[in-house]
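So you can see what is in the structure, the chains are spelled out below.
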Amino acid sequence: MPRDASSPRTAPPRTASPRSYLMCPPHHFRVTYSINPWMDPAKPVDLPLALAQWEDLRDRYLALGHSVSFLEPDPGLPDMVFAANGATVIDGRVLGARFAHPERTGEAEAHLGWFRAHGYTEIHEPAHINEGEGDFAVTASYLLAGRGFRSSPLSHDEAQEFFGRPVIGLDLVDPRYYHLDTALCVLDDAADEIMYYPGAFSPGSRAVLARLFPGALIAGEEEAAALGLNAVSDGRHVLLPQAAAGLYAPLRERGFEPIGMDLGELLKGGGSVKCCTQELRV
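Residues numbered from 1 in each chain as written. Predicted model: local features only at pLDDT ≥ 70, side-chain atom pairs only at ≥ 80, totals over all residues. Heavy atoms only, no water.

A.B. asks: How would you explain the overall build of the protein if you had to name every residue and give the values?
C.D. replies: Of regular secondary structure, the protein possesses 7 helices and 16 strands. For 282 residues, the compact-globule estimate of 2.2 N^0.38 gives 19 Å, and the C-alpha radius of gyration of the protein, at 17 Å, lies within 12% of that figure. Here the protein, with 282 residues, has 56% of them falling under the buried criterion. Accessible surface for the protein amounts to roughly 11000 Å². Of this, 52% is attributable to carbon and sulfur atoms. Here the protein holds 24 positive side-chain charges and 37 negative ones, and the gap between their average locations is 4 Å. (Helix = DSSP H or I, 4+ residues; strand = E, 2+ residues; numbered from the N terminus. Rg over C-alpha atoms; globule rule 2.2 N^0.38 Å. Buried < 20%, exposed > 50% of the residue type's maximum accessible area, 1.4 Å probe, protein only. Areas by Shrake-Rupley, 256 points an atom, 1.4 Å probe, with all protein chains shown as cover. Lys, Arg positive; Asp, Glu negative; His and termini not counted. Charge placed at Lys NZ, Arg CZ, Asp CG, Glu CD.)

See the structure below:
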């Protein structure tokens, strides 16, 4: 079970803020290779079910008043459904991705092409490997940046120079949590409020997180293993894997409204709610 670091009393409901998201339908989603511990080509994907689960997530965003834009899927890029990995957008500025594995390399240009076609002009094509919001998490004060499995430490300086925001490097040490967004979620970006699983991080990175976010919600191993940290928050509603039910009560205590989502087919590719959702911060 998760423990709540600050043990707050039940808080009043939070206020949601409208968000803009970029998503890519899983028309060509399949698992034919393995580049993270969740992927097993021997386990077939039920594509109609994967699409239905993705559509449920899309529809939920729309019902909550958020806007959703769509990236055209490419038959040769089965992981494009994990749109969070394609770029990081802050204040309308776009830092593109540079993928660690050749199987996903083509996704970077697909994302940049979408941004160019939709009027974004401040676009940076990275020199160093980063996998977008997989390893970058945005709060009011910091750009949290994961490293250790899929992003180069050199990408942190590159992001800091481009965005002009202080970057906090965090070392991931458990291969199950190969991206930052599998181990940490920003709950309230304006208030620098997060939840995370300490076991995914090195001792030094855990100490940094404890110092910067002393009131963070601390997730337990069971919730982390359900990819419960691969969640999306609009400041009030927290969409997260329904199997991470142990996070519901601590979130409610803080005034958030947890919404469980079933993305079990997409979990076969190592992703859930956040992996399918890139935020367009303009």
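A.B. asks: Tell me about unusual backbone geometry, residues and numbers included.
C.D. replies: Peptide bonds are trans in most cases, and residues, glycine excluded, mostly fall at negative phi. We note that Asp-91 has phi near 55°; this positive angle belongs to a residue other than glycine. Relative to the helices and strands, Asp-91 resides in the loop between β4 (87-90) and β5 (93-96). Here Asp-91 falls in the exposed class, since its relative accessible area comes to 54%. With phi around 55°, Asp-192 is a residue other than glycine that occupies positive phi space. Among the secondary structure elements, Asp-192 is positioned in the loop between β10 (184-188) and β11 (193-196).

A.B. asks: Kindly report on the packing of aromatic side chains, identifying the contributing residues and their values.
C.D. replies: One pass over the full model with this rule turns up 10 aromatic pairs. Members of the aromatic cluster, each reached through a chain of ring pairs, are Trp-114, Phe-115 and Tyr-120. Positioned above the aromatic ring of Phe-162 is the side chain of Arg-93, whose terminal nitrogen or guanidinium carbon lies 4.2 Å from the ring centre. (Phe/Tyr/Trp six-rings, centres within 6.5 Å; stacked < 30°, edge-to-face > 60°. Lys NZ or Arg CZ within 6 Å of the ring centre and 35° of its normal.)

A.B. asks: Kindly report on the sheet that holds strand β9 (residues 167-171), identifying the contributing residues and their values.
C.D. replies: Strand order across the open sheet formed by 3 strands is β7-β8-β9, with mixed pairing between neighbours. Each edge of the open sheet is held by one strand with a lone partner, namely β7 (136-138) and β9. Taken over all neighbouring pairs, the strand axes of this sheet differ in orientation by 25° on average, direction set aside. Packed on one face of the sheet, helix α3 (residues 154-163) meets β7, β8 (143-147) and β9 and runs near 160° to β8. (Pairing = 2+ DSSP bridges. Axes fitted to C-alpha atoms, helices over the stretch in contact; angles between N-to-C directions. Contact = heavy atoms within 4.5 Å.)

A.B. asks: Got a sec to walk through the pattern of salt bridges? Specific residues and values, please.
C.D. replies: Side chains that differ in charge, positive against negative, can pair when their charged atoms come close. One pass over the full model with this rule turns up 19 salt bridges. A salt bridge links Arg-93 to Glu-122; its shortest N-O distance comes to 2.9 Å. Taken together, the positions of Arg-93 in strand β5 and Glu-122 in the loop between α2 (105-117) and β6 (123-124) put the pair 29 residues apart, joining distant regions of the chain. For Arg-93, a relative accessible area of 24% corresponds to the partly exposed category. Assessed through its relative accessible area of 39%, Glu-122 is described here as partly exposed. Across the pair Arg-150 and Glu-131 runs a salt bridge whose closest N-O atoms are separated by 3.0 Å. Placement of the pair is Arg-150 in the loop between β8 and α3 and Glu-131 in the loop between β6 and β7, with a sequence separation of 19 residues. (Salt bridge = Lys/Arg side-chain N within 4 Å of Asp/Glu carboxyl O.)

A.B. asks: Break down the nonpolar core for me, with residues and values.
C.D. replies: The biggest cluster of nonpolar side chains holds 35 residues, and the ones touching the most others in it are Leu-184, Met-195, Phe-201 and Leu-251. Sorting the residues of this core by element identifies β9, β10, β11, β12 (217-218), β14 (237-241) and α6 (248-253) as the ones contributing at least two each. In terms of residue count, β10 provides more of this core than any other element does, 4 residues in total. When near neighbours in sequence (up to four residues on either side) are disregarded, Leu-251 contacts Leu-187, Met-195, Leu-217, Val-238, Leu-240, Phe-256 and Pro-258. (Core = buried A, V, L, I, M, F, W, Y, C linked by side-chain atoms within 4.5 Å.)

A.B. asks: Residue-level account of the sheet that holds β6, with values.
C.D. replies: Read across the open sheet, the 3 strands follow the order β4-β5-β6; overall the sheet is mixed. Looking at which strands have only one partner, the edges of the open sheet turn out to be β4 and β6. With 2 bridges connecting them, β5 and β6 associate as parallel partners. For Leu-95, the partnering residue across the bridge sits in β6 and is His-124. Contacting β4, β5 and β6, α3 runs over the sheet at an angle of about 165° to β5.

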